[in-house]
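What the coordinates show
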Amino acid sequence: MEWIERLNRAVEYLEEHLEEPDPREAAKIACCSPYHFQRMFSYLAGVPLKEYIRRRRMTRAAADLRTGEKVLHVALRYGYDSPTALHRAFQAV
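The notes below deal with the structure included here.

So, how was this worked out
- Residues numbered from 1 in each chain as written.
- Predicted model: local features only at pLDDT ≥ 70, side-chain atom pairs only at ≥ 80, totals over all residues.
- Heavy atoms only, no water.
- Helix = DSSP H or I, 4+ residues; strand = E, 2+ residues; numbered from the N terminus.
- Expected span 1.5 Å × (residues − 1).
- Contact = heavy atoms within 4.5 Å.

1. Regarding helix α4 (residues 49-66)
The end-to-end C-alpha distance of α4, which contains 18 residues, comes to 26 Å, matching closely the 26 Å that a straight helix rising 1.5 Å per residue would cover. Among the structural elements, α1 (2-16), α2 (23-29), α3 (34-45), α5 (71-77) and α6 (83-92) are those in contact with the buried residues of α4. A positive backbone phi angle near 100° is found at glycine 68, which sits one or two residues after α4.

2. Considerations on the environment of serine 82
Here serine 82 is to be found in the loop between α5 and α6. Residues serine 82 and leucine 72, 10 residues apart in the sequence, show an inter-C-alpha distance of 6.4 Å.

Okay, structure coming up:
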């Protein structure tokens, strides 16, 4: 079950670096290639890695907005060029 522990550490890395996650670094932590990490992640989580990251970013952005942070700051923090782009991402999720 060592591989599950490595995968959990990789997910912890992704959560800690959600603003700018590096899937290659997560794959290194899981001791596998980026290709196999993404396949394992998708199989175990039931959602592709990119979709997981996008949804988690949206969850964090929503929490930040609820605390009263400015929309522009939240949009830029999570990689969106404008509040409009963040709004479209919310609608897509």
